[in-house]
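# Inside the fold
In case you want the letters, here they are:
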Amino acid sequence: MANDLFNSFMTGPDETGRFGKFGGRFVSETLMPLILSLEDEYEKAKTDDSFWAEMNDLWTNYVGRPSPMYFAERLTAHLGGAQIYMKRDELNHTGAHKINNVLGQIILARRMGKTRIIAETGAGQHGVATATVCAKFGLKCVVYMGAHDVERQAPNVFRMRLLGAEVIPVTSGRGTLKDAMNDALRDWVTNVRDTFYCIGTVAGPHPYPAMVRDFQAIIGKEAKAQLEEQIGRLPDTLIAAIGGGSNAMGLFFPFLDDKEVEIIGVEAGGKGVNAKMEHCASLTGGRPGVLHGNRTYLLQDDDGQILEGFSISAGLDYPGIGPEHAWLHEIGRAKYVAITDAEALEAFQLCCEQEGIIPALEPSHALAHVMKIAPDLPKDHVICMNMCGRGDKDIFTVAKALGFEMNTGA
Ligand SMILES: *Cc1c(COP(=O)(O)O)cnc(C)c1O
């Protein structure tokens, strides 16, 4: 069924995995055969109806798709301009969009006869989604996580362990997400025979950015059909938050050829896009380089050292951005803006009060940009934003930022 997604778009990548001058496959020679066999398997799966039948069955009965398209009536009235629609991917099993992609990669892994799944995770969301699907299929799961993040994200570490995953704290380098990615790649080379590397965003060497995008494109595909049904036309503007860029790419991809649809990606501006780099806005405040097997915009210092970045939202702390976004930025098809912690916090609260939805801090960034532009747009202008995660995980962070004392029962 989903084959219709694959031929109609202007977008890349070309056969070497490049989106313009971004993307590609910057990996060691030892990794090359693994990457090529993965690419081969994915190319086969793309046009295999039985692969998509299995995906659709699990999307429906395990994840809970399709996620609703919701008209945020009170928020729209409150802002007094454009109509605001929310794609409710926070209602998925595990509370965010990550599982859309994990299911695809793990079904692929099973087809390749792999029995051990490895992943890297920063805030822990991708690790939890991977551990979840591995439990469902009885696969061994190993998650690499920066030692610093293991401490900061204790609830997610415990979730992964409950789900049967082994969490390995990474102390090499600076013990951050970047180091966890390196260790996962090293593990892969050493355990070629039985291991599959499950990447959580539209990054990594080709074919990962395109493959993860294709799995997440279910978001935009549903959104297009739902808006057609509800308003009888395309939206005027799409808005989504960007860490590595997978929920955004998933929403945007099926609309790339619809030139009249404006596309806006929202990066984490942290304390402001400043010289001290206290933000995670790779496109707005970074420059091109190579990380995680692809060329893209990265947060780096003058010597090319990758920086950790800073954001109130742990899920937006990827030090780069998917290469396809770098390319869409370069050709001007999508626009990228940054939202600060303070602005995201305000949007978080407004969404709770106006809509009875506690959003994750990541989509609160997207919503903050909606709040900026909606009031000045005409009332027949339709904005569709991706509500890509729910906020249960963030209430302690928000309480602290707002100065609430909370007894956590610990
Ligand atoms: C992981 C995560 C993100 C960031 O990842 P993308 O690949 O940019 O989508 C954003 N929102 C939520 C809720 C997440 O869990």
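Everything numeric in this text was worked out from a predicted model, so none of it was measured.

### Here we look at the packing of aromatic side chains
Within this structure, the stated rule accounts for 11 aromatic pairs. On the basis of an interplanar angle of 55 degrees and a centroid distance of 6.1 Å, the ring pair of W52 and F215 is categorised as tilted. Placement of W52 in helix α2 (residues 49-63) and of F215 in helix α9 (residues 208-216) is noted, with a sequence separation of 163 residues between them. Site record: aromatic cluster; members linked through ring pairs are Y42, F51, W52, W59 and F215. The ring of Y70 has R88 sitting right over it, with the charged end atom 5.5 Å from the ring centre. The lysine or arginine in question, K224, covers the ring of F255, its NZ or CZ lying 5.3 Å from the ring centre.

### Things to note about the side chain of N100
Structurally, N100 is set in helix α4 (residues 98-111). Take N100: its relative accessible area is 0%, and that puts it in the buried class. A distance of 3.1 Å separates a polar atom in the side chain of N100 from a polar atom in the side chain of D89. If near-sequence neighbours (up to four positions away) are discounted, N100 is found in contact with M55, W59, V63, R65, D89, N92, F215, Q216, I218 and I219.

### What to know about the layout of surface pockets
Leftover empty space is mapped by rolling, across the atoms, a probe with the size of a water molecule. Here the largest pocket is characterised by a volume of approximately 1,000 Å³. In terms of lining, the largest pocket is formed by 41 residues, of which the most central are A123, Q153, N156, A314 and D394. Taken together, the elements giving at least two residues each to the lining of the largest pocket come down to α5 (125-137), α6 (147-152), α7 (154-162), α8 (177-190), α15 (361-373) and α16 (395-402). It is α7 that provides the largest number of residues to the lining of the largest pocket, a total of four residues. Residues that form the lining of the largest pocket fall into these classes: 15 nonpolar, 12 polar and 14 charged. When residues of the lining of the largest pocket are assigned to domains, at least three fall in each of domain 1 (29-62 + 97-212) and domain 2 (64-95 + 216-401).

### Side note on the sheet that holds strand β3 (residues 69-71)
Pairing in this open sheet of six strands is mixed, and the strands run β3-β4-β14-β9-β10-β13 from one edge to the other. Looking at the sheet topology across the chains shown, the edges are occupied by β3 and β13 (335-340). Each strand axis lies, on average, 25 degrees off the axis of its neighbour in the sheet, ignoring direction. Note: strand β9 (residues 237-242) against strand β10 (residues 262-270), six bridges, orientation parallel. When the sheet's bridge partners are listed, A241 is paired in β10 with V266. The strands that α15 touches are β4 (83-87), β9, β10, β13 and β14 (382-386); relative to β9, the one it contacts most, it runs at about 140 degrees.

### Let's talk about empty space enclosed by the protein
Tallied over the entire structure, the rule returns two cavities of 30 Å³ or more. The space that makes up the largest cavity amounts to roughly 400 Å³. Of all the secondary-structure elements, those providing two or more residues to the lining of the largest cavity are β5 (116-121), α5, α11 (246-252) and α15. Counting the residues that make up the lining of the largest cavity, at least three belong to each of domain 1 (29-62 + 97-212) and domain 2 (64-95 + 216-401).

### Comments concerning α8
Taking 1.5 Å per residue as the helical rise, α8 with its 14 residues ought to reach 20 Å, and the 20 Å between its terminal C-alpha atoms agrees with that figure. For α8, the tally of buried residues reaches 10 of 14 residues, placing the bulk of the element in the interior. Within α8, the full set of buried residues consists of L177, K178, D179, A180, M181, D183, A184, L185, D187 and W188.

### What about the packing of α4 against α5?
Contact geometry for α4 and α5: axes closest at 9 Å, N-to-C directions at 45 degrees. When the interaxial angle is binned, α4 and α5 end up oblique. For the pair α4 and α5, the crossing hand works out as right-handed. Across from K98, I99, V102, L103, I106 and R110 in α4, the residues of α5 making contact are Q125, H126, A129, T130, T132, V133, C134 and F137. Grouping the amino acids of the contact of α4 with α5 by side-chain chemistry returns eight nonpolar, four polar and two charged.

### What to know about the domain arrangement of the chain
Here the chain is described as being made up of domain 1 (29-62 + 97-212) and domain 2 (64-95 + 216-401). Taking only C-alpha atoms into account, the centre of domain 1 sits 23 Å from that of domain 2. Every contact between the two is made by 31 residues of domain 1 and, on the other side, 31 residues of domain 2. Across the interface of domain 1 and domain 2, roughly 2,700 Å² is buried in total on both sides, 59% from carbon and sulfur atoms. Its largest share of buried area at the contact with domain 2, domain 1 owes to W59, H97 and V202, together 23% of the area lost on that side. One can count zero salt bridges joining domain 1 with domain 2. Here domain 1 is connected to domain 2 by 14 residue pairs in polar contact (both at pLDDT 80 or more). At the level of secondary structure, the elements contributing two or more residues to the side of domain 1 that touches domain 2 comprise α2, α4, α5, α6, α8 and α9. Looking at the side of domain 1 that touches domain 2 residue by residue, the class counts come to 14 nonpolar, 12 polar and five charged.

Criteria and thresholds
Residues numbered from 1 in each chain as written. Predicted model: local features only at pLDDT ≥ 70, side-chain atom pairs only at ≥ 80, totals over all residues. Heavy atoms only, no water. Phe/Tyr/Trp six-rings, centres within 6.5 Å; stacked < 30°, edge-to-face > 60°. Helix = DSSP H or I, 4+ residues; strand = E, 2+ residues; numbered from the N terminus. Lys NZ or Arg CZ within 6 Å of the ring centre and 35° of its normal. Buried < 20%, exposed > 50% of the residue type's maximum accessible area, 1.4 Å probe, protein only. Polar contact = N/O pair within 3.5 Å; in protein donor to acceptor, adjacent residues only side chain to side chain. Contact = heavy atoms within 4.5 Å. 1 Å grid on protein atoms, 1.4 Å probe; cavity = no way out; pocket = protein on both sides within 12 Å on 5 of 7 lines; lining within 4 Å. Points joined across faces, edges and corners; volume = space filled by probe spheres on them. Nonpolar A, V, L, I, M, F, W, Y, C, P; charged D, E, K, R; others polar. Domains from an automatic or database assignment. Pairing = 2+ DSSP bridges. Axes fitted to C-alpha atoms, helices over the stretch in contact; angles between N-to-C directions. Expected span 1.5 Å × (residues − 1). Parallel < 35°, antiparallel > 145°, perpendicular 65-115°, else oblique. Left-handed = near helix turned anticlockwise from the far one by under 90°. Buried area = accessible area lost by both parts, 1.4 Å probe. Salt bridge = Lys/Arg side-chain N within 4 Å of Asp/Glu carboxyl O.

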